[in-house]
Amino acid sequence: MIRNSYPSFRQVLADNPLTKIAGAHSSLGGRIAEQSGFQAVWASSFEISAARCLPDASLLSMTDYLEAATHIQKALSVPVVADCDTGFGNSMNVAYMVSEYESAGITAVSIEDKIFPKMNSFAASDHTLLDVSAFAHKIETAKNAQRTDDFFVIARTEAMISGLGVDEALKRCTAYADAGADAVLVHSKQKTKDQVLEFLAHWDDRLPVVVVPTTYPDWHADDARAAGVSAVIYANQGLRATITSLRSTYRSIYETGHTSHLEDSISGVKDVFDLQQLDEWQQLGV
């Protein structure tokens, strides 16, 4: 069987001034992200849910998300960072999550400080946060549950998403750092990067900072790095591009009744064979 080797996310983060991460929900999307130059792939709960036409609202199980992340990782030579929402329950669930993801070869997970079940950050909904000490205990539990030093736990705060502001985000991230987190992820749904810049200006750099510039897409990666960001996640652009492309392609085929006008603008079958590593598989049968 063809298996790709890959570094841990911890190693990738150490080796790159800014780690660029692309969101994916399938092995195919992950492989294309890697071929495009991304140093890691985000197994996005939003994308994985959307691929099943379900909302990102804790409807799928840990097994569903783990299976998707594992399939993606098997196809890659870069590490997967798994979006694990709230950790799928309480601290006991977090310990089980770490055990299962680490055993599956996933080297990094992210958990957020919302109350389970959670709703997607950009949905019009209540975004109540878990008590600081309770979430810090989840982080501590996660770190105690890991078996290897390489395993990497990202503590994601939704303080700015919930309207509590930068000061609350700083307080929470400090507590999560004290609990043993390996990095913090700060999230904002404002149309500008100002909240994140304010956070970075007051952060003491004790841990790497991860950002997700979905609603402030004009922030250049170089400028993010200069401001103190260690990793940037382009969490759902691939999914959104796929929807646009599929909708346009299918509509065009249906309306014209043929595909000749598309053939020069879509991938050829040989491209699919290459992504499938068909040649390598066929060599195994020789």
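The preceding data block contains the structure.
Each value, and the rule that gives it
- Residues numbered from 1 in each chain as written.
- Predicted model: local features only at pLDDT ≥ 70, side-chain atom pairs only at ≥ 80, totals over all residues.
- Heavy atoms only, no water.
- Pairing = 2+ DSSP bridges.
- Helix = DSSP H or I, 4+ residues; strand = E, 2+ residues; numbered from the N terminus.
- Axes fitted to C-alpha atoms, helices over the stretch in contact; angles between N-to-C directions.
- Parallel < 35°, antiparallel > 145°, perpendicular 65-115°, else oblique.
- Left-handed = near helix turned anticlockwise from the far one by under 90°.
- Contact = heavy atoms within 4.5 Å.
- Nonpolar A, V, L, I, M, F, W, Y, C, P; charged D, E, K, R; others polar.

Asker: Explain the sheet that holds strand S4 (residues 108-112) here, please?
Answerer: Strand pairs in the sheet, formed through backbone hydrogen bonds, run parallel or antiparallel to each other. Spatial strand order, S1-S2-S3-S4-S5-S6-S7-S8: 8 strands in a closed barrel with parallel pairing. Pairwise comparison of adjacent strand axes, ignoring direction, gives a mean angle of 25° for this sheet. With 2 bridges joining them, strand S7 (residues 209-211) and strand S8 (residues 231-234) adopt parallel strand pairing. In the sheet register, valine 210 faces S8, and the bridge partner there is alanine 231.

Asker: When you look at the packing of helix H4 (residues 62-74) against helix H5 (residues 91-103) in this model, what are you seeing that I'm missing?
Answerer: Helix-helix packing: each pair is described by the crossing angle between the helix axes and the interaxial distance. H5 packs onto H4 with a crossing angle of 25° between their chain directions and a minimal axis gap of 11 Å. Classified by the interaxial angle, the pair formed by H4 and H5 is roughly parallel. Classified by chirality, the crossing of H5 by H4 is right-handed. Residues Met62, Tyr65, Leu66 and Ala69 of H4 pack against Tyr96, Met97, Glu100 and Tyr101 of H5. Each residue belonging to the contact of H4 with H5 can be placed in one class, and the counts come to 7 nonpolar, no polar and 1 charged.

Asker: Any chance you could explain the side chain of serine 49 here in plain terms?
Answerer: Assignment of secondary structure puts serine 49 in helix H3 (residues 45-50). Beyond its immediate sequence surroundings of up to four residues, serine 49 is in contact with Leu54, Pro55, Asp56, Leu60 and Tyr65.

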